[in-house]
Amino acid sequence: MTSPLVDWPRPHFAKGGKNPFVFYVVYGWVDIDRPFSRSAYRSRGLPDGIDLTGYGPTIQPMVVSQFRTGYGWGRLVAQDPDLAAVVAAQDFCLVIRGDVTDPPSLSYFRDLIGLLTFCLDAGGVAIYDPQILKWWSPADWRARAFGVGHCEPRQHVVTFVSPEKDGTAWFHTRGMRKFGRPDVSIHNVRPEHRAAIIDLVNRFIDLLAFGGRVPDGQPIRMSTLPQGMTCWHRGSEDDPDFNNEHLEILWPEAKGG
């Protein structure tokens, strides 16, 4: 008898959020007919609402090439040229994408992580997450995504820091859409507030990924930041900076609403 899988809880879950949208690409020839062990991969397989499609030399080969361009690919070539060379040699990939109806637990994500690990064991050479523009090596994925045995949202969300014209910085995340929650944006961060803003962003990543929702006008209460900061929903999935809605966190002197 198969032991039941351990549920991944979502302790802050509140109904009414968006549906999580997941999107991963596995490069390499994956033997998807290989026996799949629910217990070994802590997974029920492909979650409901998610599609798995293979592309190769005779099946829309342009799909295989399209992810090997742009910012994410350029960063891989610069940071891990050996992995980039392996990926560049592949003529087949699997695309796993779709959405899950606003789930009260993160077990869909547990299933997905297990399935992606299976794909690596069955011939995959790398995983690309277009939502955070990140390429995972098999070793990195097994250590930081599968090996931890639970959900660590900060491993699956990226925080970018972009300079602004006045010398301040813009902190903004990508990847929260895979949890069905908005990304986070804070403009005009002065140097003396950077450490506190990093802490704030990480807190929001965890709160939202584990199901929390933030109403418009929600105040920020942190002793290390000025009083009067507030949160406002902005944007849409068409916004190229996020490919998602986002929470704009405004300083006291800015106007929300």
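Residues numbered from 1 in each chain as written. Predicted model: local features only at pLDDT ≥ 70, side-chain atom pairs only at ≥ 80, totals over all residues. Heavy atoms only, no water.

A. How the structure looks around the pattern of salt bridges. Under the counting rule described, the total for this entry stands at 12 salt bridges. Ionic pairing is found between Arg 154 and Asp 206, a salt bridge with its closest N-O pair at 2.7 Å. Here the residue Arg 154 occupies a position in the loop between helix 6 (138–146) and strand 6 (158–163), and Asp 206 occupies one in helix 7 (residues 194–209), the gap between them amounting to 52 residues. Between Arg 177 and Glu 237 there is a salt bridge, and its shortest N-O distance comes to 3.3 Å. A residue pair is termed long-range when its members are at least 10 positions apart, and Arg 177 in the loop between strand 7 (169–174) and strand 8 (183–189) and Glu 237 in the loop between strand 9 (230–234) and strand 10 (246–250) qualify at 60 residues. Residue Arg 177 is classed as buried on the basis of its relative accessible area of 18%. When its relative accessible area of 41% is taken as the criterion, Glu 237 is described as partly exposed. (Salt bridge = Lys/Arg side-chain N within 4 Å of Asp/Glu carboxyl O. Helix = DSSP H or I, 4+ residues; strand = E, 2+ residues; numbered from the N terminus. Buried < 20%, exposed > 50% of the residue type's maximum accessible area, 1.4 Å probe, protein only.)

B. Region of interest: empty space enclosed by the protein. Tallied over the full model, the rule gives 1 cavity of 30 Å³ or more. For the largest cavity, the calculated volume is near 30 Å³. What lines the largest cavity is Trp 8, Tyr 41, Arg 42, Arg 110, Ile 113, Gly 114, Ala 145 and Phe 146. Of all the secondary-structure elements, those providing two or more residues to the lining of the largest cavity are helix 5 (107–121) and helix 6. Sorting elements by how many residues they give to the lining of the largest cavity places helix 5 first, with 3 residues. (1 Å grid on protein atoms, 1.4 Å probe; cavity = no way out; pocket = protein on both sides within 12 Å on 5 of 7 lines; lining within 4 Å. Points joined across faces, edges and corners; volume = space filled by probe spheres on them.)

C. Quick peek at the layout of surface pockets. Empty space within the largest pocket amounts to approximately 210 Å³. Forming the boundary of the largest pocket are Arg 44, Gly 45, Leu 46, Pro 47, Asp 48, Val 100, Pro 103, Pro 104, Ser 105, Ser 107, Tyr 108 and Asp 111. The residue makeup of the lining of the largest pocket, split by class, is 6 nonpolar, 3 polar and 3 charged. Taken as a whole, the second largest pocket encloses approximately 160 Å³ of empty space. Gly 72, Arg 75, Leu 76, Gln 79, Asp 80, Leu 83, Leu 133, Lys 134, Trp 135, Ser 137 and Asp 140 are the residues that line the second largest pocket. Broken down by element, the residue count for the lining of the second largest pocket peaks at 4 residues, all from helix 3 (residues 70–79). (Nonpolar A, V, L, I, M, F, W, Y, C, P; charged D, E, K, R; others polar.)

D. Here's a closer look at the sheet that holds strand 1 (residues 21–27). Strand order in the open sheet formed by 5 strands is 2-3-1-4-5, and the pairing between neighbours is antiparallel. The open sheet is flanked by strand 2 (50–55) and strand 5 (134–136), the only strands paired with a single partner. The mean inter-strand angle of the sheet, taken between neighbouring strand axes irrespective of direction, is 20 degrees. Pairing of strand 1 with strand 4 (residues 126–129) involves 3 bridges; the strand directions are antiparallel. (Pairing = 2+ DSSP bridges. Axes fitted to C-alpha atoms, helices over the stretch in contact; angles between N-to-C directions.)

E. Examining the pairing of strand 1 more closely. Counting buried positions over the 7 residues of strand 1 gives 7, a clear majority of the element. One ladder, built from 7 bridges, connects strand 1 with strand 3 (residues 93–99); its direction is antiparallel. Within strand 3, the residue paired with Val 26 across the bridge is Leu 94.

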